[in-house]
Amino acid sequence: MPRVAKVEPITTARALRGPFDYLRPEGVGVGSMLVVPFGHRDVLGVVVGVADASDVDDERLVAPREVLDAELPPDLVALAHWIAEEYCSTPARALSLVAPQPGAKARMAWWAQAIADGEGLTPRQAELLRSLRESGPRVAGADLPALRRLERRGLVRLERRPVRRAPHHAQVGARRAQPELTADQAAALAEIEAAIEARDAARLLLHGVTGSGKTEVYLQAAAAALARGRGAIVLVPEIALTPQIVSRFAERFGDTVAVLHSRLSAGERRDEWHRLRAGEARVCVGPRSAVFAPIGDIGLVVVDEEHDASYKHEGDPRYDARRVAWKRAADHDAVLLVGSATPRPESVRALRRLRLPRRVDGAPLPDVQIVDMRGTDGALHPDTVHALADARKAIVLLNRRGWSNFVDCRTCGHAWTCPNCDVSLVLHRAGGMLACHHCGHRERVPRSCGECGSVSVARHGTGTERLEHDLGALGHEVLRLDADVRDPASVLQAFERAERAVLVGTQMVAKGHDFPDVALGVVVDADATLRFPDFRAEERTFALVAQLAGRAGRGDTLGRVLVQTLAPEAPSIAAAARHDADGFLEGELARREALAYPPFSTLIRIVCSAEEQGPALEAAGAIGARVRHASVLGPAPLFRLRGRERAQLLLKTTARRAAVRSVGEAVAAARVKGVSLSVDVDPQ
Ligand code: ADP
Ligand code: ZN
Ligand code: ZN
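Criteria and cut-off values
- Residues numbered from 1 in each chain as written.
- Chains lettered and ligands numbered in written order.
- Predicted model: local features only at pLDDT ≥ 70, side-chain atom pairs only at ≥ 80, totals over all residues.
- Heavy atoms only, no water.
- Core = buried A, V, L, I, M, F, W, Y, C linked by side-chain atoms within 4.5 Å.
- Buried < 20%, exposed > 50% of the residue type's maximum accessible area, 1.4 Å probe, protein only.
- Helix = DSSP H or I, 4+ residues; strand = E, 2+ residues; numbered from the N terminus.
- Contact = heavy atoms within 4.5 Å.
- Donors = N, O, S within 2.8 Å, 3.2 Å for Na, K, Ca; no water.
- Tetrahedral: all angles 85-135°; square planar, octahedral: opposite > 155°, others 65-115°.
- Phe/Tyr/Trp six-rings, centres within 6.5 Å; stacked < 30°, edge-to-face > 60°.
- Lys NZ or Arg CZ within 6 Å of the ring centre and 35° of its normal.
- Disulfide = S-S within 2.5 Å.
- pLDDT = per-residue confidence, 0-100.
- Axes fitted to C-alpha atoms, helices over the stretch in contact; angles between N-to-C directions.
- Parallel < 35°, antiparallel > 145°, perpendicular 65-115°, else oblique.
- Left-handed = near helix turned anticlockwise from the far one by under 90°.
- Pairing = 2+ DSSP bridges.

Peer 1: Where do I start with the nonpolar core in this structure?
Peer 2: Among soluble globular proteins, nonpolar side chains are generally buried collectively. Core analysis: the largest hydrophobic core is formed by 73 residues, its most contacted members being L72 and I623. When residues of this core are assigned to their parent elements, the largest contribution, seven residues, is made by helix α1 (residues 74-86). Among residues more than four places away in sequence, those in contact with L72 are V30, G31, M33, V46, V77, L95, V98, A99, P100, W273 and R277. Ranked by size, the runner-up nonpolar core spans 35 residues in total, among them L479, V491, A501 and F584.

Peer 1: Please clarify how the coordination of the zinc ion (ligand 3) should be interpreted in this entry.
Peer 2: Put simply, the ideal angle at a metal is 109.5 degrees for four donors in tetrahedral geometry and 90 or 180 degrees for six donors in octahedral geometry. Around the zinc ion (ligand 3), the protein contributes the donor atoms C418 (SG), C421 (SG), C436 (SG) and C439 (SG), at 2.3 Å from the metal centre. With four donor atoms in place around the zinc ion (ligand 3) and angles of 102 to 114° between them, the coordination shape is tetrahedral.

Peer 1: What exactly am I supposed to notice about the coordination of the zinc ion (ligand 2) here?
Peer 2: Around the zinc ion (ligand 2), the donor atoms from the protein are C409 (SG), C412 (SG), C449 (SG) and C452 (SG), and they sit 2.3 to 2.4 Å away. Viewed at the metal, the four donor atoms of the zinc ion (ligand 2) are separated by angles of 105 to 113°, and the geometry they form is tetrahedral. The partly exposed category is assigned to C452, whose relative accessible area is 37%.

Peer 1: Even after reading the chapter, I still don't get the packing of aromatic side chains, so can you show me in this structure?
Peer 2: Any two aromatic rings considered together are summarised by their centre-to-centre distance and by the angle between their planes. Counted by the stated rule, this structure contains six aromatic pairs. Between the aromatic rings of F292 and Y319, the centroid separation amounts to 5.3 Å while the plane-to-plane angle is 65°, which identifies the pairing as edge-to-face. Linking F292 in the loop between β12 (283-286) and β13 (298-303) with Y319 in the loop between β13 and α9 (321-331), this pair joins segments that are 27 residues apart in sequence. Summarising the burial analysis for this pair, F292 and Y319 share the class buried. Its end group placed over the ring of W111, R161 keeps NZ or CZ at 4.7 Å from the ring centre. It is R646 that lies over the ring of F639; its NZ or CZ is 4.8 Å from the centre.

Peer 1: For this particular structure, what's the right way to read the state of the cysteines?
Peer 2: Between two cysteines, a covalent bond joining their sulfur atoms is known as a disulfide. Enumeration over the complete set of coordinates arrives at zero disulfides. Here C608 is not cross-linked by a disulfide; its sulfur's nearest cysteine counterpart is in C88, at 12 Å. The buried category is assigned to C608, whose relative accessible area is 0%.

Peer 1: Mind showing me how you'd approach the confidence of the model for the protein chain here?
Peer 2: For the protein chain, per-residue confidence averages 90 on the pLDDT scale, and 97% of positions sit at 70 or higher. Contacts of residues 170-175 to residues separated by more than four positions or lying in other chains number 12 contacts, the stretch itself having pLDDT below 50.

Peer 1: Would you take a moment to explain the packing of α1 against helix α2 (residues 91-98) for this structure?
Peer 2: The relative placement of two packed helices comes down to the angle between their axes together with the axis-to-axis distance. One can describe the packing of α1 onto α2 by two numbers: an axis separation of 8 Å at closest approach and a directional angle of 130°. In terms of orientation, α1 and α2 fall into the oblique class. Crossing handedness for the pair α1 and α2: right-handed. For the pair formed by α1 and α2, the contact residues are L76, V77, A80, H81, I83 and A84 on the first element and P91, A94, L95 and V98 on the second.

Peer 1: Honestly, the sheet that holds strand β5 (residues 66-71) in this entry has me stumped. Any pointers?
Peer 2: Sheets are built from strands paired through backbone hydrogen bonds, the pairs being either parallel or antiparallel. Overall, antiparallel pairing links the five strands, which are arranged β2-β1-β4-β3-β5 in an open sheet. The outermost strands of the open sheet, each flanked by one partner alone, are β2 (20-23) and β5. Along the sheet, successive strands turn relative to each other by an average axial angle of 45°, direction set aside. Strand direction decides the pairing type here: strand β1 (residues 4-9) and β2, joined by four bridges, are antiparallel. Looking across to β2, one finds that V7 is bridged to F20.

Peer 1: Looking at this model, I keep getting lost on the sheet that holds strand β11 (residues 257-259). Mind explaining?
Peer 2: With parallel pairing, seven strands are arranged side by side in an open sheet as β11-β12-β10-β13-β14-β9-β15. The open sheet has two free edges, formed respectively by β11 and β15 (352-356), since each of these has just one partner strand. Adjacent strand axes in the sheet meet at a mean angle of 20° when their direction is disregarded. Judged from the five bridges that link them, strand β9 (residues 203-208) and β15 form a sheet pairing that is parallel. In the sheet register, L204 faces β15, and the bridge partner there is R352.

See below:
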């Protein structure tokens, strides 16, 4: 029996190098979760190994304080170590991603079960027994006293057992019939099913136009995995915006589905996690963190809307759930199935493509017209205004929230900027505030200029708030959806129910919503995303326009999309207008190959920040000089953020593993007091 448990304490300190040795209590193995004394406090720890003897003096080993009832499957412990290496982080931080949140305990209750028939019962007792026989074991609840009396007569068994806190969208029981697949769907499913059967860790891309029935393919592919005794993980973008897919899985599979997302209560999360861990639930649906669902023998990992930016995690470790999904599937010999109408060039190159080229309802894709905005004042072109007047329901996308993007003084030119960041403040009229979209700084809207005293303050540009107002002034019923809206689901519902309405918002309006009667889509300032100095700018622009087009013209409504732009010839916009995903992807891959950008290389971004510019640049320079196996761009100064001066290094490599390791060493060696470092492998 190994005496020693090697424990990784879950702390965020980077300098700490675990694991640390403790005495191993009986039954504790890799994946066990413990509370251990560590320094002067008790911390949560995960057992990452066991050993017969310790390098530390055995006499000094201490026992854990507590063994928790949650146990990580060993494959997730290994996955955490992989993530730590892959994203230049620490095992402790990666383990904190995969481990369930401690704290919540099982909720216990008395369960009653009828075990015999009795005589001489009161009518109420007879009724209780009858209902128990019908329902099977159930929570005693208010009937407990009466049931106790029946228990004493040997007619009922009472037992203390956990009760599940079920998230309310898990509609238990009701299962909707599955439709007859179209020929394209059936062909895709046949390949997926064969791949699950073959256990050869196939990696597939379901490239299907919007409305082509990708979700139905995921559903039946998950059923195919279940039929072989295997589990499935289904990743979706933010749950708040995609409630439809969750309820479709819940309807189809009932209690076999667990949902894991951040809006659950701690108790619901705990119970869903344990149902998966115990094998009671075999399918997990959720956003990026659901890739860590504790399912044994996974047969299928789905990534829906794989182009979505939410799959990248913004805290350390900066993991990309799409890459982790690929690793998780490979570890389980499972099929990786990523789907999108606008797949990433990376996926197109690396995965075998299955196609759904037609909409299920046979409707044609909407007619997309480019509206040249050069020489037009105002946010909307006259043609757009006319089209909106004719349409019963329309969606208008403007990827900028707030009223106007910057405010300055007409007299002296003074511009209002954030005191913590080098960016303009955005006017939010509803709250009477200027706000920084980077650090959250807010201040009252100025009445006069602080520099010259002039009361002539100019507002420039248009955001969603102003567009909402302008469209209202044109007589439309307007609903707005952006990050300033507290309850996105209710806005979507109101839009669905409305007879006539315009939905205005940021990219949130272009997510996979399925409204049958949207006649018009409008993209305002389509080239805004192109102005970012980022090699993914073209890809993002294409996806945004194509995804919005996918919302229009479903059901029997003829769809039309207007794309307002100052750059009508931009390849991404022109290709989206032609619905030419293949042409766009081909051109984009050729461009990336020529410039050696991903997927033909890996990028690593290192940001150093400090109070002063000097030390930040110096640290970045020192790291750049040490890194091997990569070409180094920079250091370059970045705009000041949250009161910190910043410098950036960009590394490009074709030897990913070696370069990441070298970055880890360089970063450790370059640690300077007062300089913080962040490493982002595959930055977005
Ligand atoms: P996508 O995910 O590709 O945008 P969906 O899966 O949302 O498309 O499908 C669009 C609509 O078509 C949904 O309302 C869905 O229920 C329906 N649907 C999907 N497959 C079929 C089918 N084989 N027969 C009839 N309706 C279908
Ligand atoms: Zn002024
Ligand atoms: Zn700021």
